[in-house]
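# Examination of the molecular architecture
For reference, the chains in residue letters:
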Amino acid sequence: MKAKIAHFCNVDENSVVTAKDVECIYEVPLVFREEGLDERIVEKLNMWTGAPNLNKWEKIAQTFHNPRDRVHIAMVGKYADLIDSYKASMRR
């Protein structure tokens, strides 16, 4: 798939990066690092930089997946019986 995208976009195959779905926004830099996005950017900009330290990102993502405590949130509404009343905040 990456080869096909690279061909039709006229870029190198290693410059095509998969933007995977993640459970937590703090995992995005970790996933892009795994894909090598940071290395491609530095290479394209012809820059040098040290390896990124993502320890804090990893700790935050780990805390998200393994919370110490749990919180229960309830929502009360006057027109809760209407289908569209709380559509934006409800999970389906």
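Structure's up top.
Okay, so let's go over this structure.

Conventions and cut-offs
- Residues numbered from 1 in each chain as written.
- Predicted model: local features only at pLDDT ≥ 70, side-chain atom pairs only at ≥ 80, totals over all residues.
- Heavy atoms only, no water.
- Helix = DSSP H or I, 4+ residues; strand = E, 2+ residues; numbered from the N terminus.
- Buried < 20%, exposed > 50% of the residue type's maximum accessible area, 1.4 Å probe, protein only.
- Contact = heavy atoms within 4.5 Å.
- Areas by Shrake-Rupley, 256 points an atom, 1.4 Å probe, with all protein chains shown as cover.
- Phe/Tyr/Trp six-rings, centres within 6.5 Å; stacked < 30°, edge-to-face > 60°.
- Arc of directions from axis to C-beta.
- Salt bridge = Lys/Arg side-chain N within 4 Å of Asp/Glu carboxyl O.

### What about the overall build of the protein?
In terms of helices and strands, the protein carries 4 helices and 0 strands. Ordered by position in the sequence, the α and β elements of the protein form the string α-α-α-α. Counting over 92 residues, the protein shows a buried share of 12%. A separation threshold of at least 6 residues defines the contact pool for the protein, and within that pool the share at least 24 residues apart is 35%. Carbon and sulfur atoms make up 55% of the accessible area of the protein, which totals about 8700 Å².

### Side note on the packing of aromatic side chains
In total, this model carries 1 aromatic pair according to the counting rule given. Ring centres of Y26 and W57 lie 6.0 Å apart, and the angle between their planes is 40°; on these two criteria the pair is classed as tilted. In this pair, Y26 sits in the loop between helix 1 (2-9) and helix 2 (28-35) while W57 sits in helix 4 (residues 55-65), placing the two residues 31 residues apart along the sequence. Here W57 falls in the partly exposed class, since its relative accessible area comes to 33%.

### Some thoughts on helix 2
Structurally, the α-helix is built with 3.6 residues per turn, so residues lying three or four positions apart point the same way. Listing the buried residues of helix 2 in full gives L30, V31 and E35. Angularly, the buried residues of helix 2 cover 140° about the axis, an arc narrow enough to put them on a single face. Looking at the buried side of helix 2, the elements it contacts are helix 1, helix 3 (37-44) and helix 4. Just beyond helix 2, the residue with positive phi is G36, at close to 85°.

### Considerations on the pattern of salt bridges
Tallied over the entire structure, the rule returns 6 salt bridges. Salt-bridge contacts for K2 lead to E35; the nearest nitrogen and oxygen are separated by 2.8 Å. Taken together, the residues span a long stretch of sequence, with K2 in helix 1 and E35 in helix 2 at a distance of 33 residues. Residue E35 is classed as buried on the basis of its relative accessible area of 18%. K44 is the salt-bridge partner of D12, the closest N and O atoms lying 3.7 Å from each other. Within this pair, whereas D12 is found in the loop between helix 1 and helix 2, its partner K44 is found in helix 3, the two being separated by 32 residues in sequence. Here D12 falls in the partly exposed class, since its relative accessible area comes to 45%.

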